[in-house]
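Analysis of the macromolecular model
If you want the building blocks of each chain, they are given just below.
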Amino acid sequence: MTSRYFHRTAVTRSNQRSCFETAASVKVSRTLRKMNPASCGPPDVRLLDSDGPGPGSKRRSRRHLKVEYDEHRATSAVKLEAWEPGEWREQLHCVREMRRGRDAPVDTMGAERCCDPAAPAHVRRFQVLVSLMLSSQTKDQVTSAAMQKLRAHGCTAANILATDDATLGKLIHPVGFWRNKVKYLKLTSTLLQQEFGGDIPNSVEGLVRLPGVGPKMAHLAMDIAWHQASGIGGDPCNTNTIYSPS
């Protein structure tokens, strides 16, 4: 009984030692091949491609797929057509015909007509921005009258800050939402005076940061005040606030 136990133990240890030696041989062979492939000779296929150590292991078969490309195959070109709104050319023609006379209120009382042409450049730009802020939900005739009163009072960022809310409200009344616009004018004038010395930002991103200024006002201010075309500023639902550059 004892001899059988020792015999089985010896055989088991011998098999384990054989497995360890085989694995170590494979690892050493791979390491040497990575370090110097030319000096190692052909690889040991029995060790590298076998399913496991031992004489009874089977070699793993590998299938190779051959990829072929047909160079003479004709590829059909896909025709891409640009999308266009329906009947937009006819609508554009109608708009041009309507605007041919340039006789709308915006042509004579728009934001570009509300500033003082004799004022310094930064003051003119500030007045353009103020007129755009007042024009929201307001007819051009009312905005023009309010700007005339503001210019007579002194339409600069510093003077707006020095004017109390009640007086400023009387000057811009009856523009739409005039109470809110008094607050926006004070907040915007504060930022412009502190950060731009009374001037206005020269970018759409800087303009939309100002209280009471939206993207439409920013694009119009860029066109009128800075003479830069940054986008289209127009409201198709309110023809009184559409600005049509020449």
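Residues numbered from 1 in each chain as written. Predicted model: local features only at pLDDT ≥ 70, side-chain atom pairs only at ≥ 80, totals over all residues. Heavy atoms only, no water.

Digging into the overall build of the protein chain
Per the secondary structure count, the protein chain includes eleven helices and zero strands. N-terminal to C-terminal, the α/β element order of the protein chain is α-α-α-α-α-α-α-α-α-α-α. Residues classed as buried in the protein chain amount to 29% of the 246 residues present. (Helix = DSSP H or I, 4+ residues; strand = E, 2+ residues; numbered from the N terminus. Buried < 20%, exposed > 50% of the residue type's maximum accessible area, 1.4 Å probe, protein only.)

Regarding the pattern of salt bridges
Summed over the entire model, instances satisfying the criterion amount to seven salt bridges. When the shortest N-O distance is used, the salt bridge between Arg-99 and Asp-107 registers 2.7 Å. Residue Arg-99 is classed as buried on the basis of its relative accessible area, which comes to 16%. Across the pair Asp-116 and Arg-151 runs a salt bridge whose closest N-O atoms are separated by 3.7 Å. (Salt bridge = Lys/Arg side-chain N within 4 Å of Asp/Glu carboxyl O.)

Quick notes on the side chain of Asp-199
Among the structural elements, Asp-199 can be located in the loop between α9 (178-195) and α10 (204-207). Overall, Asp-199 belongs to the buried group, its relative accessible area being 13%. Of the polar contacts made by the side chain of Asp-199, one reaches the side chain of Arg-125; its length is 2.8 Å. When near neighbours in sequence (up to four residues on either side) are disregarded, Asp-199 contacts His-122, Arg-125, Leu-192 and Trp-226. (Polar contact = N/O pair within 3.5 Å; in protein donor to acceptor, adjacent residues only side chain to side chain. Contact = heavy atoms within 4.5 Å.)

Thoughts on the confidence of the model for the protein chain
With 65% of its residues at a pLDDT of 70 or more, the protein chain shows a mean pLDDT of 80. Scored below 50 in pLDDT, residues 45-52 makes 16 contacts in the model with residues more than four places away or belonging to other chains. Counted against residues more than four places away or in other chains, residues 237-246, with its pLDDT under 50, gives 19 contacts. (pLDDT = per-residue confidence, 0-100.)

Some words on unusual backbone geometry
With an omega dihedral of 15 degrees, the bond running from His-173 to Pro-174 counts as a cis peptide bond. Tracing the backbone shows Pro-174 in the loop between α8 (165-172) and α9. Positioned with a positive phi, Arg-102 is a non-glycine residue whose angle comes to about 50 degrees. Residue position: Arg-102 is located in the loop between α3 (88-98) and α4 (105-109). The residue Phe-177 is not glycine, and still its phi comes out positive at about 55 degrees. Summarising the element assignment, Phe-177 is placed in the loop between α8 and α9. The exposure class of Phe-177 is exposed, given its relative accessible area of 56%.

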